[in-house]
Amino acid sequence: MGFEYGYSVAAPDALVLWEAQFGDFVNGAQVVIDQFLASGMDKWDQRSGLVLLLPHGFEGQGPEHSSARLERFLQNAAEDNMRIVVPSTAGQYFHMLRLQANHPERRPLIVMTPKSLLRTKESFSPTSELYDGGFRPVIPDAVVTGGARRVILCTGKVYYDLTRYRAKHEIDDVAVVRMELLYPFPAESLHSTLGPYGETDLVWVQEEPANMGAWRFMSRYLFVETGRTSRGIYRRESASPATGNAKTHVREQRELVEKAFA
């Protein structure tokens, strides 16, 4: 990562990407992230457009396959020093990279991408979406567009778990909104998306334990930027990102999704 960071500084017109095979592989590069990616612009006015592609998603494969430590990047996010995204479709991924390559302000781009979405048909995009439109910081619910008793905000793979459950149980009064951009916080896009729902119950749902993921970041920003109080649904606090037992993972995931609609 240190080499790719240096290359991105020396070759500002290049789109430089560093990929971790598993999310937790980024742990070994934490010094580079803290000393250079997160603070280099503030300390030395040294600008980089490096892209980190970090697999992140709870898929029952154990701790080292589950988490790219999203919470650490959100903790380091300040003064518009980086962009943190969780694209949920192929089209969003394409527009995200194109935007990064052409953006006039060079910043590191941190991308959380669950491996399972490579095989999830709902995440596929038609060709038309690649040449028409652009990256959407927030994706509204196309099914429940108003009159909801609850609005669920989420990001990444869990969106598809939630919408499958909603369809299976024929729930028509809970909207599921995707936050594709976490930082810089997309306040304007979120305001316009939440507007039709009024002062309904607002819930953040994540796969990660309570002390990880985006919940602590989101709970603050939702209140500061929207004036709305919210509550979180997540796995219990844990020292490890995820369980190593597949049956336990399935049970935890089922309970998480059920609680989101209860």
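How each quantity is defined
Residues numbered from 1 in each chain as written. Predicted model: local features only at pLDDT ≥ 70, side-chain atom pairs only at ≥ 80, totals over all residues. Heavy atoms only, no water. Helix = DSSP H or I, 4+ residues; strand = E, 2+ residues; numbered from the N terminus. Buried < 20%, exposed > 50% of the residue type's maximum accessible area, 1.4 Å probe, protein only. Pairing = 2+ DSSP bridges. Right-handed = clockwise from strand over helix to strand, strands pointing away. Phe/Tyr/Trp six-rings, centres within 6.5 Å; stacked < 30°, edge-to-face > 60°. Salt bridge = Lys/Arg side-chain N within 4 Å of Asp/Glu carboxyl O. Lys, Arg positive; Asp, Glu negative; His and termini not counted. Polar contact = N/O pair within 3.5 Å; in protein donor to acceptor, adjacent residues only side chain to side chain. Contact = heavy atoms within 4.5 Å. 1 Å grid on protein atoms, 1.4 Å probe; cavity = no way out; pocket = protein on both sides within 12 Å on 5 of 7 lines; lining within 4 Å. Points joined across faces, edges and corners; volume = space filled by probe spheres on them. Nonpolar A, V, L, I, M, F, W, Y, C, P; charged D, E, K, R; others polar.

Novice: A description of unusual backbone geometry should follow, citing residues and the corresponding values.
Specialist: Cis geometry marks the peptide bond from Tyr-183 to Pro-184; its omega dihedral reads -5 degrees. The topology assignment puts Pro-184 in the loop between β8 (181–183) and α8 (187–194). Even without a glycine there, the phi angle at Asp-45 is positive, about 55 degrees. Mapping Asp-45 onto the fold places it in the loop between α3 (40–44) and β2 (51–54). The phi angle at Glu-79 is positive, at roughly 55 degrees, despite the residue not being glycine. Structurally, the position occupied by Glu-79 is in the loop between α4 (70–76) and β3 (83–85).

Novice: Can you explain the pairing of strand β4 (residues 109–112)? Please cite residues and give values.
Specialist: Both faces of β4 are covered, namely the face carrying Leu-109 and Val-111 and the face carrying Ile-110 and Met-112. The sheet contact formed by β3 and β4 spans three bridges and is parallel. Counterpart to Val-85 in the pairing with β4 is Val-111. In this region the chain leaves β3, passes through helix α5 (residues 90–102) and returns to the parallel neighbour β4; the handedness of that crossover is right-handed.

Novice: Explain the packing of aromatic side chains to me, using residue names and the numbers behind them.
Specialist: In the structure shown here, the tally under the stated rule is eight aromatic pairs. Judged by centre distance (5.6 Å) and plane angle (55 degrees), the rings of Tyr-5 and Phe-36 are tilted. One end of the pair, Tyr-5, is in helix α1 (residues 2–10); the other, Phe-36, is in helix α2 (residues 30–37), and 31 residues separate them in sequence. Judged by relative accessible area, Phe-36 falls into the partly exposed class, the value being 34%. For the pair Tyr-165 and Phe-261, a centre-to-centre distance of 5.3 Å together with 25 degrees between the ring planes defines the contact as stacked. Of this pair, Tyr-165 sits in helix α7 (residues 158–168) while Phe-261 sits in helix α10 (residues 246–261), and the two are 96 residues apart along the sequence.

Novice: Explain the pattern of salt bridges to me, and be specific about the residues and the numbers.
Specialist: Working definition: two side chains of opposite charge can pair if their charged atoms are close together. Throughout the structure, instances matching the rule amount to 16 salt bridges. Notably, a salt bridge pairs Lys-157 with Asp-161, separated by 3.1 Å at the nearest N-O pair. We classify Lys-157 as buried; its relative accessible area is 10%. Ionic pairing is found between Arg-228 and Glu-199, a salt bridge with its closest N-O pair at 3.6 Å. With Arg-228 in the loop between α9 (215–226) and β10 (231–235) and Glu-199 in the loop between α8 and β9 (201–209), this residue pair connects regions lying 29 residues apart in the sequence.

Novice: Just give me the short version of the side chain of Glu-180, but keep the residues and values in it.
Specialist: Position of Glu-180 relative to the elements: it lies in the loop between β7 (174–179) and β8. Of the side chains bearing the opposite charge, Arg-178 lies closest to the buried Glu-180, which forms no salt bridge; the N-O distance is 4.8 Å. Separated by 2.8 Å, the side chains of Glu-180 and Ser-88 make a polar contact. A distance of 3.1 Å separates polar atoms of two side chains, one belonging to Glu-180 and the other to Gln-92. In contact with Glu-180, other than residues within four places in its own chain, are Ile-84, Val-85, Val-86, Pro-87, Ser-88, Gln-92, Phe-135, Arg-136, Pro-137 and Ile-139.

Novice: Hey, could you go over the layout of surface pockets for me, with residue numbers and the actual values?
Specialist: Approximately 360 Å³ is the volume found for the largest pocket. Taken together, 18 residues form the lining of the largest pocket, with Tyr-93, Thr-113, Pro-114, Leu-117 and Leu-118 sitting closest to its centre. Elements represented by at least two residues in the lining of the largest pocket include exactly β2 and α5. For the lining of the largest pocket, the per-class residue count stands at eleven nonpolar, five polar and two charged.

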